[in-house]
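Coordinates in review
Given next are the chains, with one letter for each unit.
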Amino acid sequence: MTARDSWDEYFMNIARQVATRATCDRKHVGALLVRDRTILSTGYNGSIRGLPHCDDVGHMMENGHCVATVHAEANAIIQAARNGVRIDGATIYTTASPCWPCFKLIANSGCVRIAFGEFYRDQRIFEYAKELGIVLLAVGEAAAFPPPAREPVEVPRGERLPVDGAGPRQRSELQIDDTPMEDLPPQVDAPGGGP
């Protein structure tokens, strides 16, 4: 009998395939939303629906980033919403860890796990995921290369974190929950819930 990929590896491989549809050649990212081992929605980074793709007309650059595209995670959430698919309690698999704006969308959408294939750029996701009880899971190569930790910076009680994310909740040690999907209990729908 041949060895099978874990469920997390299986879904991450599908996210990598979804990324091949991306239309911004600066970075191809794919994402999919999964609950109870069922794919709910997929998304990849690309232009606003109905507008030309970066690959065809060039990039809209701000601060070193193309801002013409909608990120893969946002597109997966949007696709679920457009089709009336409830994603509360889902896991999002994304080939790159979410940027700060996408992390906020994921958190507010009700996802309980974020599995990523590589660390992208924003360490705030680690501190806030822990605070919110969202499980972060590095899958594949990401598990071997955690991002460098930053030193904490004191901010007086009651004040907001600076824009760059430095603040008292920064951890000097990265902690990632590595519970495989097959070891998690199944999600139970609330009475009157959706699909």
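Residues numbered from 1 in each chain as written. Predicted model: local features only at pLDDT ≥ 70, side-chain atom pairs only at ≥ 80, totals over all residues. Heavy atoms only, no water.

Should the charged atoms of two oppositely charged side chains come close, the side chains can pair. Summed over the entire model, instances satisfying the criterion amount to 3 salt bridges. Note that lysine 27 and glutamate 118 form a salt bridge whose closest N and O atoms lie 2.9 Å from each other. Within this pair, whereas lysine 27 is found in the loop between helix H1 (7-19) and strand E1 (30-35), its partner glutamate 118 is found in the loop between strand E8 (113-116) and helix H5 (124-132), the two being separated by 91 residues in sequence. According to the relative accessible area criterion, glutamate 118 is partly exposed, its value standing at 36%. (Salt bridge = Lys/Arg side-chain N within 4 Å of Asp/Glu carboxyl O. Helix = DSSP H or I, 4+ residues; strand = E, 2+ residues; numbered from the N terminus. Buried < 20%, exposed > 50% of the residue type's maximum accessible area, 1.4 Å probe, protein only.)

Below, the discussion takes up the layout of surface pockets. Estimated volume of the largest pocket: approximately 400 Å³. Taken together, 17 residues form the lining of the largest pocket, with Tyr44, Ser47, Arg49, Asn75 and Gln79 sitting closest to its centre. Elements that contribute at least two residues to the lining of the largest pocket include exactly strand E2 (38-44), strand E3 (46-47) and helix H3 (72-82). Ranked by the residues each element gives to the lining of the largest pocket, the list is headed by H3, at 4 residues. When the residues that make up the lining of the largest pocket are grouped by side-chain class, the tally is 5 nonpolar, 9 polar and 3 charged. The volume enclosed by the second largest pocket comes to roughly 330 Å³. Forming the boundary of the second largest pocket are 19 residues, of which Lys27, Asn45, Thr69, His71 and Tyr120 lie nearest the centre. Of the residues contributing to the lining of the second largest pocket, the split by class is 9 nonpolar, 6 polar and 4 charged. (1 Å grid on protein atoms, 1.4 Å probe; cavity = no way out; pocket = protein on both sides within 12 Å on 5 of 7 lines; lining within 4 Å. Points joined across faces, edges and corners; volume = space filled by probe spheres on them. Nonpolar A, V, L, I, M, F, W, Y, C, P; charged D, E, K, R; others polar.)

Let us now look at H3. The complete set of buried residues in H3 reads Ala72, Glu73, Ala74, Asn75, Ala76, Ile77 and Ala80. Against E1, E2, E3, strand E6 (69-70), strand E7 (91-94) and helix H4 (100-109) lie the buried residues of H3. Phi turns positive one or two residues past the end of H3, at glycine 84, with a value near 70°. (Contact = heavy atoms within 4.5 Å.)

Okay, the sheet that holds E7 next. Judged by pairing direction, the sheet is mixed, and its 5 strands sit side by side in the order E2-E1-E7-E8-E9 without closing on themselves. Either end of the sheet is taken by a strand with one partner, and the two such strands are E2 and strand E9 (135-138). On average, adjacent strands in this sheet sit at an angle of 20° to one another, irrespective of strand direction. Running at roughly 130° to E2, H3 makes contact with E1, E2 and E7 of the sheet. (Pairing = 2+ DSSP bridges. Axes fitted to C-alpha atoms, helices over the stretch in contact; angles between N-to-C directions.)

Below, the discussion takes up the nonpolar core. Of all hydrophobic cores here, the largest spans 25 residues; its most connected members are Leu33, Ile87, Ile92, Phe103 and Ile114. At the level of elements, E1, H3, H4, E8, H5 and E9 are the ones that each hand at least two residues to this core. With sequence-adjacent residues up to four places away left out, isoleucine 87 is seen in contact with Leu33, Arg35, Leu40, Ile77, Ala80, Ser109 and Gly110. Counting 9 residues, the second largest nonpolar core, distinct from the first, contains Ala15, Leu32, Ala115 and Val139. (Core = buried A, V, L, I, M, F, W, Y, C linked by side-chain atoms within 4.5 Å.)

Below, the discussion takes up H4. Looking at H4, one finds that the buried residues are Trp100, Cys102, Phe103, Ile106 and Ser109. In the core, the buried residues of H4 are packed alongside H3, E7, E8 and H5. Directly after H4, the chain includes glycine 110, whose backbone phi takes a positive value near 100°.

This part takes up the pairing of E1. Among the 6 residues of E1, 6 are classified as buried, and the element is accordingly described as predominantly covered. Bridge count between E1 and E2: 6 bridges; the pairing is antiparallel. Bridging across to E2, arginine 35 finds its partner in threonine 38. Here E1 folds back onto E2 in antiparallel fashion, the turn holding 2 residues, of which aspartate 36 has a positive phi close to 50°. Relative to E7, E1 runs antiparallel, the two sharing 4 bridges. Paired with leucine 33 across the two strands is isoleucine 92, which belongs to E7.

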